[in-house]
Amino acid sequence: MARDIRITSICLPSRPFFWCKTAFVLVLVLLAASMAKEIQAESADSRVWISQAGLFHVTYKSKLQPIVINRIHNWVLRVGSADGQPVTNADITVEGGMPAHDHGLPTLPRMTQSLGNGEYLLEGMRFHMNGYWEISITINAGGDRDTIIIPLEL
Amino acid sequence: MSLARGLNRRSRRASLIGLVAVVVWAAWWFSRADDPSPWTETEIEILRSLWISSLPPLAPDPSNTVADDPRAAKLGQQLFFDQRLSGNGLIACATCHQPQRRFTDGRVKGQAIGTSKRNTPSIVGTAYSPWLYWDGRRDSLWSQALSPLEDPNEHNGTRMQYVRLIATDPGYRTAYEGLFGSIPDLSNRSRFPSVATPVGDSRSNTAWLAMTAEDRELVNKIFVNIGKSIAAYERLLMPGPSRFDAYVKAVLDRNVKAQQEMFNNDELMGLRLFIGKANCTQCHNGPLFTNYEFHNTGIISFPGEVPDKGRVAGVRSVRSNPFNCLSAYNDDSAKDCAELRFARNGPELIGAMRTPSLRNLEGTSPYMHKGQMATTAEILDHYNRAPLAMIGHNETKPLKLSRRELKQLETFLKSLAAPLVTPTKWLEPPANINARLVTLVGSAR
């Protein structure tokens, strides 16, 4: 009787039991996959971002983890050339804003230090609203100039 | 016979399926009744972010070595309520920042020796803000506390006069020297005149310029320490938990009964609008319902009044302020001052004003930087229309909410009212302070 109820409630006996079980497993797999995607989204700042013309590869690491609104903090940018070599003498400017709200960052962040090995200290980052932000990083190095847009959902 | 048995089996199976359906439906119904929380997990996280228990402990202020010294707070409280800190002996900080009105004054614009240019903002919780004043023209509680003391429309005194008060009042002198070290002899009037300040009228300005650089520095240091003591007091003024916070706790605890006890349907709908389509949390976010930032929301000036430049002028002022974070008066040798160093300025900040906390809404009317609005209904109507800004650009867009929705928002906002969490002894004039002030504070309107 108990088995009857269980089968009836999950997989009706009129349907092939095998397919029902397969569907059940499939749902579980999909659930696990979506969770894994979320975990991956959280570590998005280790992702390599490629500039618009493909000249530079950039990763950023926020010193504030996780990034929350209303706290001023610093980022470390790592800039590499297209072939993966660190770019050590770059001039970097940063802008950003929320396209949906037609406003920029509440601060004027600046690259203040080259930390060597293609790493740069970016000071003065702050976000004051939750939602979708875009950070635009323009890199000038060895006569090349290119921009990277990093999307950020807070 | 076999037909009957077949029918019997079929009907038994049908009834079994029916029974299972009923059980599943009942289970769903009851589980729903157990947790009828109308909130998604994302929304619950937004509610948690607004909850007063999410407010982190106040960070130390390395720019002020006495920021968390209770002796400094006690001295600061006395100074805050002392009318002798004014040009005419009648104005204290508490004249406009009245404890019983959440440290505001119920007036359109502050009224002291003259009329202030703006509405008196509350002090409660401002220790969390990187910027002070509507336009953020000061970057610490202590540097803010100094400005009204010499403003001709506010206390209208001079720093020399205040420093002399500290040196000559035995109570102040003892308290001050216990915190900051001994005060040199200031009795020589040719070295230390009666009034002197670099920012006052020509008489006090001339007197200031006649002093030696060392003497001016000596006076500045004591003046700054007055600000630092007042700041230590102001750091204690914090909002308490409101009915909204009790509601959020009930949501987080999945306590249905408590949720229903805390909020009626209108308040619930108002909160839903607040965190949803009314866009309020774009600026009024975090446990203090403010992002401490500057926004132009198209608040219209009074007829005949020049629109206020707001943050654009505030940034210029704070950068050139001799008591700002980068000055020698900052006690922190590291002087990180990130907020000041990376402060934004630009056309988008024309007419922008600092987002006020909504935790002090109840009983702090009139609202807005010039006291333009008397009720929350007026504010909500303004944001619903989002008129063009007189100068700069209104960041907000019309909300198109119905009258019923506006009413629900208004009802919800009332749930943020709560007494301060600060012990009562800090919310009244200290016993040894001039009794005249009590009368003035009590009757000021």
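Residues numbered from 1 in each chain as written. Chains lettered and ligands numbered in written order. Predicted model: local features only at pLDDT ≥ 70, side-chain atom pairs only at ≥ 80, totals over all residues.

### Quick word on the sheet that holds strand β3 (residues 73–81) of chain A
Residue and element names in this part refer to chain A. Ordered in space as β1-β2-β3-β7-β6, the five strands form an open sheet in which the pairing is antiparallel. Each edge of the sheet is formed by a strand with only one pairing partner; in this case those strands are β1 (49–50) and β6 (110–116). Two elements, strand β2 (residues 56–62) and β3, share seven bridges in a ladder whose sense is antiparallel. Its bridge partner being in β3, serine 62 is matched across the sheet by tryptophan 75. (Pairing = 2+ DSSP bridges. Helix = DSSP H or I, 4+ residues; strand = E, 2+ residues; numbered from the N terminus.)

### Topic: the packing of helix α6 (residues 159–168) of chain B against helix α7 (residues 170–180) of chain B
All names here are of chain B. Between α6 and α7, the least distance of the axes is 5 Å, while the angle of their chain directions is 90°. Considering the angle they form, α6 stands roughly perpendicular to α7. Where α6 abuts α7, its residues Leu165, Ile166 and Ala167 lie against Tyr172, Arg173 and Tyr176. Considering only residue class, the contact of α6 with α7 consists of five nonpolar, no polar and one charged. (Axes fitted to C-alpha atoms, helices over the stretch in contact; angles between N-to-C directions. Parallel < 35°, antiparallel > 145°, perpendicular 65-115°, else oblique. Contact = placed C-beta atoms within 7 Å. Nonpolar A, V, L, I, M, F, W, Y, C, P; charged D, E, K, R; others polar.)

### A short note on the domain arrangement of chain B
Residues and elements named next belong to chain B. Here chain B is described as being made up of domain 1 (70–238 + 432–443) and domain 2 (241–414). Between domain 1 and domain 2, the C-alpha centre-to-centre distance is 28 Å. Listed by partner, the interface residues are 27 residues for domain 1 and 29 residues for domain 2. A breakdown of the residues in the side of domain 1 that touches domain 2 according to their chemical character gives 10 nonpolar, eight polar and nine charged. (Domains from an automatic or database assignment.)

### Observations concerning the confidence of the model for chain B
Detailed reading of the predicted model is not advised wherever pLDDT is low. Residue and element names in this part refer to chain B. Summarising the model, chain B shows a mean pLDDT of 92, and 92% of its residues fall at 70 or more. This stretch, residues 438–445, has a pLDDT under 50; its non-local contacts, to residues over four places away or in other chains, come to nine contacts. We note a pTM of 0.85 for the whole complex and an ipTM of 0.82 for its interfaces. (pLDDT = per-residue confidence, 0-100.)

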